[in-house]
Amino acid sequence: MEEGQKISISDFLTNRVLTERKTLKISLVEKNYLLEIFTEDFYLNEKFPEIDQIEQSIKIIDRNIFYDIYRFSYDNLSYAIKVGENNDSFIFEREKKALESIKDLNLSPIYFNNAFSDDYAYLLTSFENSQSSKELGLSYTYENIELLGSSLAKIHNATKTEENQREYFLDSMYSLGSFEDFMDQELYNALLERPNFKQSLALLKDIKQTVEDQLFEPGEGFSCLCHTNLNLSCILNRPNQLKICNFFESFHIHPAWDLAFASYKLQLNDHPIYEKKFLEAYHAESFLKEEDYNYVYFKQLAYKILLYKIISGYFYKSLVDNEEVGSVLNLFKNYAFIRESIQDEFADYMDMLDEMFAPFIKNI
């Protein structure tokens, strides 16, 4: 990647709409592929020469459209390795920079290495022997919501900068809806035949325009490292300790973006008492104070961005014979989280959106 070159999320989606896998189990072929990476890569081979330890302990943790996440043990230490295609190196480089910038805070996994070849890319970190908030549940997260608020503030404080990547961030989000740019014509033609797709394209265009009309110009004043996808899976818990992981969607933007996205991703918008505790703990620790910004303004922007991503994701999923019900349900859950916020502003589209998403909400 050339210095200063910008990479959009759509660049990583090219030719992979139909490659999403269906199960969280490692096949023999997949395991052999992973072991070849450990053997061929110079760093991994030097650090983990006894390949039997890898073979006996490696397990799949999670998959997403960009990469797969595995854990393994070596000499009584635990590691996590994210493995994707070679152009995922740009995602891993972004996450590396994020982890390196906050390594002294002890609020994230430890970065070890990232590399790529013609056939793969990977990122190696520590595996935190902890439970995610997704495993522990929303009630546990709310019991510790003040710790989360203060931890996020510490990350923001440590990474405060005059650099602002708002345009890069928005372009990256918008690129998710640029179907024609990264699909071959046959796939795009198939989408055109899908119910609601053409009307959804009009909605995506309207969302983008309303965001552009609402944005403050020329910018936001100051920025910091923002996770932008702080959900239950990204919060790792031990007694009296919390860490945040999966920074591959991070950008240097105004800190209120993180607060706004967290409000919806963690359902704080539906629980004002816990939202208030979260914000009070954050402001008590952060350089950003309540009087410095308009929280409602950023939440209005956030739910539009989330709606844009949900609609785009819906049509990616529609092209895949996908048995990963959990990953699909995340789209429906996120729609449920923002539905009340969007229904007035996008009233003309609500019948269509409810047809796409609402039938599933009662099953969540």
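Attention in this report is confined to the structure presented alongside it. Here the residue index of a chain counts from 1 through its sequence in written order. A pLDDT threshold of at least 70 governs which residues receive local features in this predicted model, and a stricter bar of 80 or more applies before side-chain atom pairs are shown or counted, although totals over entire chains, interfaces and linings include all residues. As a rule here, side-chain values cover all heavy atoms of the structure and leave hydrogens and water aside.

As a further point, take the sheet that holds strand β5 (residues 121-126). Sheet strands pair by backbone hydrogen bonding; their relative direction is either parallel or antiparallel. Each pair of strands is called paired provided DSSP finds at least two bridges between the two strands. Strands are runs of DSSP state E lasting at least two residues, helices are runs of H or I lasting at least four, and both sets are numbered from the N terminus onward. The 5 strands lie next to each other as β1-β2-β3-β5-β4, forming an open sheet whose pairing is antiparallel. Edge positions in the open sheet fall to β1 (59-63) and β4 (111-116), since each of these has one partner strand only. Across the sheet, the axes of successive neighbouring strands diverge by a mean angle of 20°, strand direction being ignored. Two residues form a contact once any of their heavy atoms are found within 4.5 Å. Orientation is described by axes fitted as lines to C-alpha atoms, over the contacting stretch for helices, and by angles from 0 to 180 degrees between their N-to-C directions. With respect to the sheet, helix α2 (residues 28-40) is in contact with β1, β2 (67-74), β3 (77-84) and β5, its orientation differing from that of β3 by roughly 105°.

Moving on: the pairing of strand β9 (residues 241-244). The sheet contact formed by strand β8 (residues 235-238) and β9 spans 4 bridges and is antiparallel. The residue bridging Arg238 from the neighbouring strand is Gln241, located in β9. Linking β8 back to β9 in an antiparallel pair, the connection comprises 2 residues, with Asn240 at a positive phi of about 60°.

With that out of the way, let us pick up the nonpolar core. In this description, a nonpolar core means a group of buried Ala, Val, Leu, Ile, Met, Phe, Trp, Tyr and Cys residues linked to one another through side-chain atoms lying within 4.5 Å. The buried label goes to any residue with under 20% of its type's maximum accessible area, the exposed label to any with over 50%, and the partly exposed label to all in between, with areas taken from a 1.4 Å probe on protein chains only. Counting residues in each nonpolar core, the largest one holds 90 residues, and the members touching the most others are Trp257 and Leu353. In this view, Leu353 contacts Leu203, Leu307, Ile311, Tyr335, Ile342 and Ala358; residues no more than four positions away in its chain are not counted. Core analysis: the next-biggest nonpolar cluster, separate from the first, contains 18 residues, Ile37, Ile60, Val83 and Tyr120 among them.

The next point concerns the packing of aromatic side chains. Aromatic pairs are defined between Phe, Tyr and Trp rings, using the six-membered ring for Trp, whenever the two ring centres lie within 6.5 Å; interplanar angles under 30 degrees are classed as stacked, those over 60 as edge-to-face, and all others as tilted. Within this structure, the stated rule accounts for 31 aromatic pairs. Ring centres 6.0 Å apart and planes at 65° place the aromatic pair Phe38 and Phe48 in the edge-to-face group. With Phe38 in helix α2 and Phe48 in the loop between α3 (42-47) and α4 (51-57), the pair connects residues that are 10 residues apart, well separated along the chain. Seen from their ring centres, Tyr335 and Phe357 are 4.9 Å apart, and the 25° between their planes marks the pair as stacked. Placement of the pair is Tyr335 in helix α16 (residues 325-342) and Phe357 in helix α17 (residues 350-361), with a sequence separation of 22 residues. On the basis of relative accessible area, Tyr335 is assigned to the buried category, the value being 0%.

Before going further, it helps to spend a moment on the pattern of salt bridges. Salt bridges are defined as contacts in which a side-chain nitrogen from Lys or Arg sits within 4 Å of a carboxyl oxygen from Asp or Glu. In the structure shown here, the tally under the stated rule is 12 salt bridges. When the shortest N-O distance is used, the salt bridge between Arg63 and Asp68 registers 3.1 Å. For Arg63, a relative accessible area of 9% gives the class buried. Its relative accessible area of 3% is what places Asp68 among the buried residues. Lys82 is paired through a salt bridge with Glu95; the nearest N and O atoms lie 2.8 Å apart. One end of the pair, Lys82, is in strand β3; the other, Glu95, is in helix α5 (residues 89-101), with 13 residues separating them in the sequence. On the basis of relative accessibility, which here comes to 2%, the residue Glu95 falls in the buried class. Beyond isolated ion pairs, a larger network of salt bridges with shared partners links Glu30, Arg63 and Asp68.

So, about the side chain of Asp41. Take Asp41: it is sitting in the loop between α2 and α3. When charges are counted, Lys and Arg are positive and Asp and Glu negative, with His and the chain ends excluded. For the buried Asp41, which has no salt bridge, the nearest side chain bearing the opposite charge is Lys47, at an N-O separation of 11 Å. Apart from the residues lying within four places of it in its own chain, the contact partners of Asp41 are Ala115, Tyr120 and Tyr122.

On to helix α13 (residues 255-265). The α-helix advances 3.6 residues per turn, and as a result positions three or four apart in sequence lie on the same side. Across the 11 residues that make up α13, a large majority, 11, are buried. Among all positions in α13, only Pro255, Ala256, Trp257, Asp258, Leu259, Ala260, Phe261, Ala262, Ser263, Tyr264 and Lys265 are buried. Following α13 by one or two positions, Gln267 has its phi on the positive side, about 60°.

Before going further, it helps to spend a moment on the pairing of β4. Relative to β5, β4 runs antiparallel, the two sharing 5 bridges. Among the inter-strand pairings, Tyr111 is bridged to a residue of β5, identified as Thr125. Where β4 hands over to β5, the hairpin turn is made up of 4 residues, counted between the paired strands.

Moving on to the sheet that holds strand β6 (residues 131-132). The 3 strands are arranged β6-β8-β9 in an open sheet whose pairing can be described as antiparallel. Sheet topology places β6 and β9 at the edges, where each strand pairs with a single neighbour. Packed on one face of the sheet, helix α8 (residues 145-158) meets β8 and β9 and runs near 50° to β9.

The next point concerns helix α11 (residues 185-192). Turning to α11, its buried residues are Leu187, Tyr188 and Leu191. Buried residues of α11 fall within an arc of 100° about the axis and therefore sit on the same side. Turning to α11, the residues buried within the fold contact α10 (179-182), α12 (197-214) and α15 (295-318). Starting at the helix axis, one direction is taken to each C-beta atom, and the arc is that of these directions.

So, on to the environment of Ser101. Tracing the chain through its elements places Ser101 in helix α5. Residue classification places Ser101 among the partly exposed residues on the basis of a relative accessible area of 35%. Remark: the alpha-carbon pair of Ser101 and Leu225, spanning 124 residues in sequence, is separated by 8.7 Å. Sequence-distant contacts of Ser101, that is, excluding residues within four places in its chain, are made with Thr159 and Leu225.

Moving on, we get to the packing of helix α9 (residues 166-174) against α15. Between α9 and α15, the least distance of the axes is 9 Å, while the angle of their chain directions is 35°. Where α9 abuts α15, its residues Leu170, Met173 and Tyr174 lie against Ile305, Tyr308 and Lys309. Classification used: nonpolar for Ala, Val, Leu, Ile, Met, Phe, Trp, Tyr, Cys and Pro, charged for Asp, Glu, Lys and Arg, polar for all others including Gly. In the contact of α9 with α15, the residues fall into 5 nonpolar, no polar and 1 charged.

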